[in-house]
Amino acid sequence: MSVDVNITTDVRRKRKKMNYIGMDIHKQFTFAVAKDEQGIEICEDKFENSKANFQSFLLRFKPEETRIVMESTGVWEYIYSILESLNYSVKLANPFKTKAIAYAKIKTDKVDASMLSDLLRANLIAESYIPPKEVRILREMIRMRKMAVKQKTQCENRLHALLTKKGISLPKKSLCKGSIQFLSEIENEPNIKEYLEIISFLRNRVKNFDKQVEEEAVSNENALILMSFPGIGCIHAMEIISEIGDIKRFQTADKLCSYAGLVPSIRQSGNTLHLGSLMKQSSRTLKHSFIQTAWIAIGVRESNPLQEFYKKLAKKKGKQKAICAVARKICCVVYAMLTKKEQYRYS
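Residues numbered from 1 in each chain as written. Predicted model: local features only at pLDDT ≥ 70, side-chain atom pairs only at ≥ 80, totals over all residues. Heavy atoms only, no water.

### So, the layout of surface pockets
Okay, so step 1: Computed from the structure, the largest pocket encloses a volume of approximately 1300 Å³.
Okay, so step 2: Lining the largest pocket are 29 residues, with Asn94, Ser128, Tyr259, Ser282 and Ser283 sitting closest to its centre.
Okay, so step 3: Elements supplying a minimum of two residues to the lining of the largest pocket: helix H3 (76–85), helix H4 (95–101), helix H6 (133–166), helix H11 (253–259) and helix H12 (284–299).
Okay, so step 4: Of the residues in the lining of the largest pocket, the class split is nine nonpolar, eight polar and 12 charged. (1 Å grid on protein atoms, 1.4 Å probe; cavity = no way out; pocket = protein on both sides within 12 Å on 5 of 7 lines; lining within 4 Å. Points joined across faces, edges and corners; volume = space filled by probe spheres on them. Helix = DSSP H or I, 4+ residues; strand = E, 2+ residues; numbered from the N terminus. Nonpolar A, V, L, I, M, F, W, Y, C, P; charged D, E, K, R; others polar.)

Below you can see the structure in the form of structure tokens.
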């Protein structure tokens, strides 16, 4: 009997005691609460966001004996990189799902951090996907390009509005080289010249982004696979890859469609089932990319299965629902291509 007691005691001594830290992160500061395995609070602290302050707070906690959780907010990436450099295991909590699991009427920084610590201790954290560093850099570049394109379009539209206000007609409808040359020769219109300079700058920025994306696409195996699909160029391919990340995290094609927001919302009570509009909690960039690819796929001159499917469904459900259905089919095809590492083929 004494031998069994001694063995049990040795096992307890050898087993590492885990510490669970919940961090309520903000732009300027972080409130952290640390608890042990029994939920007893070890310490709490509020400090400004800097590597030195994080290192000072975590000094008493060994990386191999510590688990950290924080919510996915606008500043998570900066703080995650600090904790990652200090070799700590970090989980990123989904704010919406975390709120559904543990809702508190009294909401303070301490309560939030303590609640995150308890959820981590009970293994109830609804995790958000943390892409690798190279994917995060690619995603940021793609989104910056998208922002530059949006700003360029807005500036061009404002210039068109100014020209309409001034009663100036362009030789061409678009702002091509001939139209820009025509506008540059107009005198006593400083605002027009300012717009032309801004548009020129933004167009050069978009070209630079396109060049960087093309260089990344040529050396990316998944991008080359996606570019074999009609309607997916290097920009859309890299956009899809940056948003999806590791395709293995999706068990089925339906889960990828749900992540892209291409499935209807469901409300069910008893025997009543109501299918609503497309899910709003999704990757907007991925949804936009698939829908744009769908418009390209059905707009080609040569007949293809997607085009026939769209025409048939549009007569019954309308164009908007039909194009979303085509986008979902493309999403399923993309899932198969990336999973099997095979290029698109149709016979």
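### Let's talk about unusual backbone geometry
Okay, so step 1: The phi angle at Asn87 is positive, at roughly 70 degrees, despite the residue not being glycine.
Okay, so step 2: Tracing the backbone shows Asn87 in the loop between H3 and strand S5 (89–93).
Okay, so step 3: Judged by its relative accessible area of 62%, Asn87 falls in the exposed class. (Buried < 20%, exposed > 50% of the residue type's maximum accessible area, 1.4 Å probe, protein only.)

### Thoughts on helix H14 (residues 319–340)
Okay, so step 1: A rise of 1.5 Å per residue sets the reference length of H14, with its 22 residues, at 32 Å; its end C-alpha atoms lie 32 Å apart and thus fit the reference within 8%.
Okay, so step 2: Among all positions in H14, only Ala322, Ile323, Cys324, Val326, Ala327, Ile330, Cys331, Val334, Tyr335, Met337 and Leu338 are buried.
Okay, so step 3: Phi for Lys341, located one or two positions after H14, is positive at around 60 degrees. (Expected span 1.5 Å × (residues − 1).)

### With respect to the sheet that holds strand S4 (residues 66–71)
Whenever strands of a sheet pair, they do so through backbone hydrogen bonds, lying parallel or antiparallel.
Okay, so step 1: Across the sheet, which stays open at both edges, the five strands sit in the order S3-S2-S1-S4-S5 with mixed pairing between neighbours. The open sheet is flanked by strand S3 (41–48) and S5, the only strands paired with a single partner. Adjacent strand axes in the sheet meet at a mean angle of 20 degrees when their direction is disregarded.
Okay, so step 2: Bridge count between S4 and S5: five bridges; the pairing is parallel. When the bridges of S5 are listed, Val69 appears paired with Lys91.
Okay, so step 3: Taken strand by strand, H3 contacts strand S1 (19–25), strand S2 (29–35), S4 and S5, and its axis lies near 170 degrees from that of S4.
Okay, so step 4: The sheet contacts of helix H5 (residues 109–121) involve S1, S2, S3, S4 and S5, and relative to S1 the element is tilted by about 140 degrees. (Pairing = 2+ DSSP bridges. Axes fitted to C-alpha atoms, helices over the stretch in contact; angles between N-to-C directions. Contact = heavy atoms within 4.5 Å.)

### Digging into the packing of helix H8 (residues 190–218) against helix H10 (residues 234–244)
Okay, so step 1: The N-to-C vectors of H8 and H10 enclose an angle of 70 degrees; their axes lie 9 Å apart at closest approach. Compared by their axis directions, H8 and H10 come out roughly perpendicular. Of H10, the residues touching H8 (which contributes Asp210, Val213, Glu214, Glu216 and Ala217) are Cys234, Ile235 and Met238.
Okay, so step 2: Class assignment for the residues of the contact of H8 with H10 results in five nonpolar, no polar and three charged. (Parallel < 35°, antiparallel > 145°, perpendicular 65-115°, else oblique.)

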